[in-house]
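Examining the three-dimensional arrangement
So the chains spell out like this:
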Amino acid sequence: MSVIRPNSPHAGGVEAPAAARRISHWIGGRVTAGTSGRSAPVFDPATGDVAAMVDLAGADEVDAAVDSARRAAKGWGGTSLARRAAVLFAFRELLHARAADLAAVITAEHGKVLADAAGEVARGLENVEFATGIPTLLKGGFSAEVSTGVDVLSLRQPLGVVAGITPFNFPAMVPLWMCANAVACGNAFILKPSERDPSASMLLAELWQQAGLPDGVFSVVQGDRQAVDALIAHPDVAALSFVGSTPVARHIHQAGTATGKRVQALGGAKNHMVVMPDADVDWAADAAVSAGYGAAGERCMAISVVVAVGGIGDQLVQAIAERLPKLTVGPGADAATDMGPLITAEHRDRVAGYIDAGAAEGATVVVDGREASLPSCGFFLGATLLDHVGEDMTVYTDEIFGPVLSVVRCDSLDDALGLVNRNPYANGTAIFTRDGGAARRFQTQVEVGMVGVNVAIPVPVAYYSFGGWKASLFGDSHMYGQEGVNFYTRSKVVTSRWPERSAPSAVDLGFPRNH
């Protein structure tokens, strides 16, 4: 056994097999070994074993990736829309053919069940399909004779080198949110995936190359904060896209914009599901369990708070509680598993700590996930349900990012709206009701970026855009869809006149007027 180097940020006494698989960078169209001397373990969260070691980039590796991307961007940005679309179509076909392989890679390193991983790949694939329409998406405008003999046209051009910094919970979907549109728009894209589950990024790189994308247009830099800071500081990186926690999103937005970069940074969430007294209890309970405990709660659109309005609370809590013992917790690759492990032992222990914190602050522990039937190894925690949660409790104020569902009780829709709107996070929310008037009022008055009506996880389809409000979004651009195309391009307006050779001319110092 060889001990992980002490300079690894995840060392902590963990040992890795001497022959552990090495995950490196993808620069200039090939696998490129790290040169920083730093690495980190990649765990199999279902067993707790170290499955691989990933290189962690320093400034030199980031410089090499940016230099390769900068050179590739010049040619790719001038490539015809027809050629770009052809590469996108080829990538779509390869991704579709390898979807099961990609899902298996995700499950092996993240831990989510295979069906969930397959769903992630499918939603990412939708973004690639949207991007294949880039010839239409980049259509400009044209106006003839805006003034005598003068025409005006508008067009959108690529930025150059852009980078995406993505989270561990969606190692394929979120990168595809970014890179599909970025590449289609003519940019060179550098992906900095989470060091927790980096292998999906390398499979994506291989598929891009097989699709005919020129070397350097898609790069992968593995790493931690050093790599992120190097991307922020690099003068040749024109834009940054980020999905993760609110503190990091705020930092990246502030630091990136300070260097003149375009930045879209999506932060944390505390998503509320409001259940009205007229709602179908079984339907609402099924939705709460599915949205609260899917992927072990490690989703930015997971429901973490159920708001029971009026007298429905007791019945709803009972219905949710009855469903939890039926959930099978185990390895994600097991077809019988409903909920897999959390990403690391440290994160599991942090999430479990909120159960005691909730009880100490006055919440009722209806179901304690620590008492569930769990595998003897791996980073597992069962589904937890807390009732009578107050607005000032840490289980309510903090983004837990695990299988802990809190129930808050409100007397009326007004109270529920006030609760949701006071929360600093504003990523997603939902209302369950049979009353169209209540639903319409909720969707109009709630101060949240994505709203579901009898839909617990209202993630927009690829031709809309994803993003929250308030502390869930830093910057003014949402992810993917037409907003994504606009983010990865800049507009140019051309005003032209082609006078006849015999046309008279004269000096005129007055401000130009249209006539």
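Residues numbered from 1 in each chain as written. Predicted model: local features only at pLDDT ≥ 70, side-chain atom pairs only at ≥ 80, totals over all residues. Heavy atoms only, no water.

**Thoughts on the layout of surface pockets**
Regions of empty space are outlined by a rolling probe, equal in size to a water molecule, passed over the atoms. Looking at the largest pocket, its volume works out to about 980 Å³. Every residue lining the largest pocket is counted, 33 residues in all, and those nearest its centre are Phe168, Phe242, Gly244, Ser245 and Val248. Elements with a minimum of two residues in the lining of the largest pocket: α8 (225-233), β13 (237-243), α9 (246-258) and α12 (345-360). Residue contributions to the lining of the largest pocket peak at 5 residues, all from α9. Volume-wise, the second largest pocket comes out at about 600 Å³. Looking at the second largest pocket, it is lined by 21 residues, and the ones nearest its centre are Arg497, Asp508, Pro512, Arg513 and His515. Contributions of two or more residues to the lining of the second largest pocket are made by β8 (141-147), β9 (150-158) and β25 (489-497). Of the residues forming the lining of the second largest pocket, the biggest block, 3 residues, is contributed by β25. When the residues that make up the lining of the second largest pocket are grouped by side-chain class, the tally is 9 nonpolar, 8 polar and 4 charged. (1 Å grid on protein atoms, 1.4 Å probe; cavity = no way out; pocket = protein on both sides within 12 Å on 5 of 7 lines; lining within 4 Å. Points joined across faces, edges and corners; volume = space filled by probe spheres on them. Helix = DSSP H or I, 4+ residues; strand = E, 2+ residues; numbered from the N terminus. Nonpolar A, V, L, I, M, F, W, Y, C, P; charged D, E, K, R; others polar.)

**Examining the sheet that holds strand β3 (residues 21-23)**
Across a sheet, paired strands are connected by hydrogen bonds in the backbone, their directions being either parallel or antiparallel. One open sheet accounts for 3 strands, arranged β3-β7-β6; its pairing is mixed. In this open sheet, the two strands that pair with only one neighbour each are β3 and β6 (39-44). Ignoring strand direction, the axes of neighbouring strands in this sheet form an average angle of 35°. The sheet contact formed by β6 and strand β7 (residues 49-55) spans 6 bridges and is antiparallel. Within the sheet, the bridge partner assigned to alanine 40 lies in β7 and is valine 54. Together, β3 and β6 form the strand contacts of helix α3 (residues 99-110), whose direction differs from that of β6 by roughly 100°. (Pairing = 2+ DSSP bridges. Axes fitted to C-alpha atoms, helices over the stretch in contact; angles between N-to-C directions. Contact = heavy atoms within 4.5 Å.)

**Topic: the packing of α8 against α9**
Packing of α8 against α9 leaves a shortest axis separation of 9 Å and a crossing angle of 30°. Between α8 and α9, the crossing angle belongs to the class labelled roughly parallel. Contact residues: α8 offers Arg225, Val228, Asp229 and Ile232, while α9 offers His251, Ile252, Ala255 and Gly256. Tallied by class, residues from the contact of α8 with α9 come to 4 nonpolar, 2 polar and 2 charged. (Parallel < 35°, antiparallel > 145°, perpendicular 65-115°, else oblique.)

**Focus: the pairing of strand β11 (residues 188-192)**
Burial within β11 is extensive, with 5 of its 5 residues counted as buried. Of the two faces of β11, both are covered, the one formed by Ala188, Ile190 and Lys192 as well as the one formed by Phe189 and Leu191. Two strands pair when backbone bridges link them, and strand β10 (residues 161-165) and β11 are joined in this way by 5 bridges, in the parallel orientation. Opposite alanine 163, over in β11, you have isoleucine 190 as the bridge partner. Between β10 and its parallel partner β11, the chain crosses via helix α6 (residues 173-184), and the hand of that crossover is right-handed. Taken together, the 3 bridges between β11 and strand β12 (residues 218-220) define a ladder with parallel strand orientation. Bridge pairing links isoleucine 190 to serine 219 in β12. (Buried < 20%, exposed > 50% of the residue type's maximum accessible area, 1.4 Å probe, protein only. Right-handed = clockwise from strand over helix to strand, strands pointing away.)

**Regarding the sheet that holds strand β16 (residues 303-309)**
Spatially, the 7 strands line up as an open sheet ordered β17-β18-β19-β16-β15-β21-β22, and their pairing is mixed. Here the strands that pair on one side only, and so sit at the sheet edges, are β17 (364-367) and β22 (450-453). Across the sheet, the axes of successive neighbouring strands diverge by a mean angle of 20°, strand direction being ignored. When β17 meets strand β18 (residues 384-387), the two strands line up antiparallel, connected through 3 bridges. Within β18, the residue paired with valine 365 across the bridge is leucine 386. On the sheet, helix α15 (residues 436-445) packs against β15 (271-275), β21 (428-432) and β22 and is oriented at approximately 165° with respect to β21.

**Structural notes on the confidence of the model for the protein**
In the predicted model, the protein carries a mean pLDDT of 95, and the fraction of residues at 70 or more is 97%. Below pLDDT 50 for its whole length, residues 1-13 participates in 32 contacts with residues either more than four positions away or in separate chains. (pLDDT = per-residue confidence, 0-100.)

**Comments concerning the packing of aromatic side chains**
Taken as a whole, this structure holds 11 aromatic pairs when the rule is applied. Look at phenylalanine 91 and tryptophan 208: their rings are 3.7 Å apart centre to centre, the planes differ by 5°, and that puts the pair in the stacked class. You can see phenylalanine 91 sitting in helix α2 (residues 81-97) and its partner tryptophan 208 sitting in helix α7 (residues 199-210), a full 117 residues away along the chain. Taken together, the ring pairs connect Phe91, Phe189, Trp208 and Phe218 into an aromatic cluster. (Phe/Tyr/Trp six-rings, centres within 6.5 Å; stacked < 30°, edge-to-face > 60°.)

**Quick notes on the nonpolar core**
In this structure, Phe91, Leu95, Leu102, Phe189, Trp208, Phe218 and Phe466 are the most contacted members of the largest nonpolar core, which totals 69 residues. The leading source of residues in this core is α6, at 10 residues. Once residues lying within four places of it in the same chain are set aside, the contact partners of leucine 102 are Leu95, Val121, Ala172, Ala200, Leu203 and Leu204. Counting residues in hydrophobic clusters, the runner-up holds 65 residues, among them Val275, Ala284, Tyr293 and Ile320. (Core = buried A, V, L, I, M, F, W, Y, C linked by side-chain atoms within 4.5 Å.)

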